[in-house]
Amino acid sequence: MNKEKEKWIILAVLSLIWGSSFILIKKSLEHFSPYQVGALRVLISGILLSPIAILNWKNFPRKQLKWLLLAAFAGNFIPMFLFPIAETKVSSSIAGIMNSMMPIFTIIVGAFFWGTKTTSKQILGILISFFGVVVLLFSGEDSSDMPLFYVGLLLFAVFLYAVSVTTVGAKLTHIPAKMMSSFVFFYVLFLPSLFSLYFSDFFKVFSFTKENMIGMGFVATLSVLGTGLAMMLQYRLMSISNPLFASTVTLLMPIVAVIWGVIDGESFTVLQAFGALIIFAGLIFLRKKKA
């Protein structure tokens, strides 16, 4: 498979996985606190990826440690807490839609910190797709009563994602995707997530009840698919494209998030369908090989 086809396949798979993560966060919050959901998500990923990290410990990128720390905490730790906290007050659909600001932040962060150049067609495609996201955002029933503080938390989390993706694109693409993911979740984030889980009183209150095990099922699914596997795919995508293209996954995620919202009882309107079509139209401008 050539890289052009591969990057679009990965984009579609990531959109499905990450677009589903918001409903999984929502279901996890029915059983655990936001801090416990965030800590468990990172910790489980670290445990699952530990064999790869241990087998490849000699290849740990010590010279790029500062960039690895920045990418890990900005992309795989802090947002894992911010999204569950925000979803205590906003719907999973809105959380997924707000995440689509990432390409805009990627352009800004890339230009200011890494000198990344962006073509006019890429910018036009992003703006068209983002307009579709705005249509999605303001066409739902819960769009008129959004708590600004929690929306701000979502935007800050998305900004941190942009910092992470541009850092990886500029400094860490030479590290294979599996190794990169395992290093991040095991060597960098395992202890911080364990300490976070401890201070959330998880070990004091957790018991092996049916409800708690159902909750663990949601969190485990979120960790395996939405964190571990998804980050491997994201790192691979960045190694065969660029940070801006990789960030456009967040323009497709709202469609998946809204569909899950409808399945969970939220409304779906003709205007939302129109917004989804606009998003796809914008992606046409990113189909050039240079994108």
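Going by the structure above, here's the rest.
Residues numbered from 1 in each chain as written. Predicted model: local features only at pLDDT ≥ 70, side-chain atom pairs only at ≥ 80, totals over all residues. Heavy atoms only, no water.

Trainee: Would you take a moment to explain the overall build of the protein chain for this structure?
Mentor: If you tally the helices and strands in the protein chain, you get 15 helices and zero strands. Whereas a compact globule of 291 residues would reach a radius of gyration of roughly 19 Å, the protein chain reaches 18 Å, a difference of no more than 12%. Dimensions of the protein chain, computed from the C-alpha atoms along their principal axes, are close to 50 × 45 × 35 Å. Considering the protein chain as a whole, with its 291 residues, one finds that 54% of them fall into the buried category. Summed over all atoms, the accessible surface of the protein chain reaches about 13400 Å², with 70% contributed by carbon and sulfur. If you average the places of the 22 positive and of the 11 negative side-chain charges in the protein chain, the two averages end up 22 Å apart. (Helix = DSSP H or I, 4+ residues; strand = E, 2+ residues; numbered from the N terminus. Rg over C-alpha atoms; globule rule 2.2 N^0.38 Å. Buried < 20%, exposed > 50% of the residue type's maximum accessible area, 1.4 Å probe, protein only. Areas by Shrake-Rupley, 256 points an atom, 1.4 Å probe, with all protein chains shown as cover. Lys, Arg positive; Asp, Glu negative; His and termini not counted. Charge placed at Lys NZ, Arg CZ, Asp CG, Glu CD.)

Trainee: Sorry, what's going on with empty space enclosed by the protein here?
Mentor: Any empty space left between the atoms is revealed when a probe the size of a water molecule rolls over them. Counted by the stated rule, this structure contains one cavity of 30 Å³ or more. Elements with a minimum of two residues in the lining of the largest cavity: α1 (3–28), α4 (78–86), α8 (148–172), α12 (210–240) and α14 (249–263). It is α12 that provides the largest number of residues to the lining of the largest cavity, a total of five residues. Here the residues of the lining of the largest cavity are counted per class, giving 14 nonpolar, seven polar and one charged. (1 Å grid on protein atoms, 1.4 Å probe; cavity = no way out; pocket = protein on both sides within 12 Å on 5 of 7 lines; lining within 4 Å. Points joined across faces, edges and corners; volume = space filled by probe spheres on them. Nonpolar A, V, L, I, M, F, W, Y, C, P; charged D, E, K, R; others polar.)

Trainee: What should I look at first to understand the pattern of salt bridges in this one?
Mentor: Applying the stated criterion across every chain yields a total of six salt bridges. Its salt-bridge partner being K27, residue E30 comes within 3.8 Å of it at the nearest N-O pair. Looking at E30, the relative accessible area reads 53%, which means it is exposed. Each of K26, K27, E30 and D264 takes part in one network of salt bridges that share partners. (Salt bridge = Lys/Arg side-chain N within 4 Å of Asp/Glu carboxyl O.)

Trainee: Sorry, what's going on with the nonpolar core here?
Mentor: Generally speaking, soluble globular proteins have nonpolar side chains that are buried together. Counting 87 residues, the largest nonpolar core has L68, F83, M180, V184, L189 and Y235 as its most contacted members. Among the elements that take part in this core, α8 stands out by supplying twelve residues, more than any other. Once residues lying within four places of it in the same chain are set aside, the contact partners of V184 are L68, A72, N76, L189 and Y235. (Core = buried A, V, L, I, M, F, W, Y, C linked by side-chain atoms within 4.5 Å. Contact = heavy atoms within 4.5 Å.)

Trainee: Sorry if this is basic, but what is going on with the packing of helix α2 (residues 34–55) against helix α9 (residues 177–188) here?
Mentor: Each pair of packed helices gets described by two things: the angle between the helix axes and the distance between those axes. At a closest axis distance of 7 Å, the pairing of α2 and α9 adopts a crossing angle of 125°. Here α9 runs oblique to α2, going by the angle between their axes. Taken as a pair, α2 and α9 cross one another with a handedness that is left-handed. From α2, V42, S45, G46, L49, S50, I52, A53 and I54 reach across to α9, where they touch K178, S181, S182, F183, F185, F186 and Y187. Classifying every residue of the contact of α2 with α9 gives nine nonpolar, five polar and one charged. (Axes fitted to C-alpha atoms, helices over the stretch in contact; angles between N-to-C directions. Parallel < 35°, antiparallel > 145°, perpendicular 65-115°, else oblique. Left-handed = near helix turned anticlockwise from the far one by under 90°.)

Trainee: Is there a simple way to think about the environment of I94 in this case?
Mentor: Along the polypeptide, I94 turns up in helix α5 (residues 92–98). Judged by its relative accessible area of 3%, I94 falls in the buried class. Separated by 72 residues in sequence, I94 and F22 have C-alpha atoms that sit 9.2 Å apart.

Trainee: Hey, could you run me through α2 in this one?
Mentor: Within an α-helix, residues lying three or four positions from one another point in the same direction, as the helix has 3.6 residues per turn. Compared with an ideal rise of 1.5 Å per residue, which puts 22 residues at 32 Å, α2 spans 33 Å between its outermost C-alpha atoms and is within 8% of the ideal. Taken as a whole, α2 carries its principal kink of about 50° at L49; the proline P51 stands between one and four residues after it. (Expected span 1.5 Å × (residues − 1). Bend = angle between axes of the 7 residues up to and from the residue.)

Trainee: Where do I start with the packing of aromatic side chains in this structure?
Mentor: Ring pairs (aromatic) are described by centroid distance and by the angle formed between their planes. Going through the model one piece at a time under the given rule, you end up with 19 aromatic pairs. For the ring pair F32 and F202, a centre distance of 6.0 Å and an interplane angle of 55° mean the geometry is tilted. Taken together, the positions of F32 in the loop between α1 and α2 and F202 in helix α11 (residues 202–205) put the pair 170 residues apart, joining distant regions of the chain. Relative accessible area serves as the criterion here: at 6%, F32 is assigned to the buried category. Ring geometry for F206 against F208: centres 5.2 Å apart, planes inclined by 80°, an arrangement best described as edge-to-face. Members of the aromatic cluster, each reached through a chain of ring pairs, are F32, F202, F203, F206 and F208. Taking the ring centre of F245 as reference, the NZ or CZ of K7 above it sits at 4.5 Å. (Phe/Tyr/Trp six-rings, centres within 6.5 Å; stacked < 30°, edge-to-face > 60°. Lys NZ or Arg CZ within 6 Å of the ring centre and 35° of its normal.)

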